Amino acid sequence: MVALDVPDLDSARALVRALRPLLAWFKVGLELYSVAGPAAVEMVKEHGGRVFVDLKLHDIPNTVGRATAALARLGADMISLHAAGGRAMMAEAAAAAAGAAAGGPILLGVTVLTSMGEGDLGPLGVARSLVEQVVALARLAREAGLDGWVASPREAALLRSEMGPEPVIVTPGIRPLPGAVSTPGGPAGGTRSPFSGAGVAPGPGSPGGDDQVRVATPAEALAAGADWLVVGRPITRASDPLRAARALVEEIRRATGGDAGGSDGAAGGGGSDAAPGGGSGAGAGAGREEVCAGD
Ligand code: C5P
């Protein structure tokens, strides 16, 4: 799934046009939704894609329920909301999603923002450790009727072991394996990564100014139990986004023993768009069928 973190609708459309032959899922976050609104979701749908509307809803139950219903009518296939909004808020959203046509969107809870550390919880009045808070909010989200969570790779492993195989886990902070895919044409006839120009370092601690701290390779995230991988800048800021996406899909395929999709057809370009458990065949070995970048 590619995060369309770009400042305007035209840039988002260009990315969807370029990537849609390979990928089915796109994430519309706060930046793009703030500038383009529902048109951003409609644009992805017009290209036959599926949309994760990542607005992290957090308000009174009535407002969040009505917003969820509105986003479902718009065509959102997946929606995020803050588990800290409480049981009633999440239950209202779950009811709205259940009442939507065609099965309704997948609802994901955000537990503790990955930008927050242990020291940030005390001032909020939270006495538990960060890990305990993540698990407690994740459990609350499930009890309230949510389908799963957005989780860092580290959290994914914890939540998978604590909560079992059923919940959906979507994992951002994905960075390709350094040097995993090399192609001819680089300096002095050497190799050149398709991620060059992406403006992000290929991994934690690497030069290049990446702001993601808890990153993982696709293989690590899948091994941790992720169902969907969210990839932003390694693809969107690459000099050739389609080539970078292909390289990532190929990396996933290798990591999952060739079962991760990646060719145009298997990766979702042909329209494979199964919901969790639906068995799209574009599988990712370590997780579910729809894990791969293509679907
Ligand atoms: O560019 P990058 O691959 O880091 O993009 C990650 C995407 O996932 C961004 O859209 C970001 O907002 C989102 N995200 C995240 N960490 C979270 C939740 C969402 O990076 N905990």
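Residues numbered from 1 in each chain as written. Predicted model: local features only at pLDDT ≥ 70, side-chain atom pairs only at ≥ 80, totals over all residues.

1. Details of helix α5 (residues 87–98)
Structurally, the α-helix is built with 3.6 residues per turn, so residues lying three or four positions apart point the same way.
(1) Moving on: Here α5 contains 12 residues, and its C-alpha end-to-end distance of 16 Å stays within 8% of the 16 Å for a straight helix at 1.5 Å per residue.
(2) Moving on: Of all the positions in α5, only Met89, Met90, Glu92, Ala93, Ala94, Ala96 and Ala97 are classed as buried.
(3) Moving on: Of the surrounding secondary structure, the elements contacted by the buried residues of α5 are α4 (61–74), β4 (78–82), β5 (106–110) and α7 (130–143). (Helix = DSSP H or I, 4+ residues; strand = E, 2+ residues; numbered from the N terminus. Expected span 1.5 Å × (residues − 1). Buried ≥ 20, exposed ≤ 12 C-beta atoms within 10 Å, placed from the backbone. Contact = placed C-beta atoms within 7 Å.)

2. Digging into the site of the ligand
(1) Moving on: Around the ligand sit 14 residues, and of these Ala3, Thr114, Pro172, Gly232 and Arg233 come closest.
(2) Moving on: For the shell around the ligand, the per-class residue count stands at six nonpolar, five polar and three charged. (Near = placed C-beta within 6 Å. Nonpolar A, V, L, I, M, F, W, Y, C, P; charged D, E, K, R; others polar.)

3. Examining the sheet that holds strand β10 (residues 228–229)
(1) Moving on: Spatial strand order, β1-β2-β3-β4-β5-β6-β7-β10: eight strands in an open sheet with parallel pairing. Looking at the sheet topology across the chains shown, the edges are occupied by β1 (2–3) and β10.
(2) Moving on: Across three bridges, β5 lies against strand β6 (residues 148–150) in parallel orientation. Bridge pairing links Leu108 to Gly148 in β6. (Pairing = 2+ DSSP bridges.)

4. Remarks on the environment of Gly164
(1) Moving on: If you trace the backbone, Gly164 turns up in the loop between α8 (153–163) and β7 (168–171).
(2) Moving on: As for Gly164 and Gly225, which are separated by 61 residues in sequence, their C-alpha atoms are 9.8 Å apart.

5. A short note on the confidence of the model for the protein
(1) Moving on: Scored by pLDDT, the protein comes out at a mean of 81, with 75% of its residues at no less than 70.
(2) Moving on: Contacts from residues 199–209, a stretch scored under 50 in pLDDT, to residues over four places away or in other chains number 21 contacts.
(3) Moving on: In this model, residues 261–295 is a region of pLDDT below 50 whose contacts with residues beyond four sequence positions or in other chains number 119 contacts. (pLDDT = per-residue confidence, 0-100.)

6. Quick look at the environment of Ala101
(1) Moving on: Relative to the helices and strands, Ala101 resides in the loop between α5 and β5.
(2) Moving on: In this structure the C-alpha to C-alpha distance between Ala101 and Ala72, which are 29 residues apart in sequence, comes to 8.0 Å.

7. Section: the packing of α7 against α8
(1) Moving on: Contact geometry for α7 and α8: axes closest at 11 Å, N-to-C directions at 55°. Classified by the angle their axes make, α7 and α8 are oblique. Seen from above, α7 lies across α8 with right-handed handedness. Where α7 approaches α8, its residues Val131, Val134, Val135, Ala138 and Arg142 are matched on the opposing element by Glu155, Leu158, Leu159, Glu162 and Met163.
(2) Moving on: Its residues placed into classes, the contact of α7 with α8 shows seven nonpolar, no polar and three charged. (Axes fitted to C-alpha atoms, helices over the stretch in contact; angles between N-to-C directions. Parallel < 35°, antiparallel > 145°, perpendicular 65-115°, else oblique. Left-handed = near helix turned anticlockwise from the far one by under 90°.)

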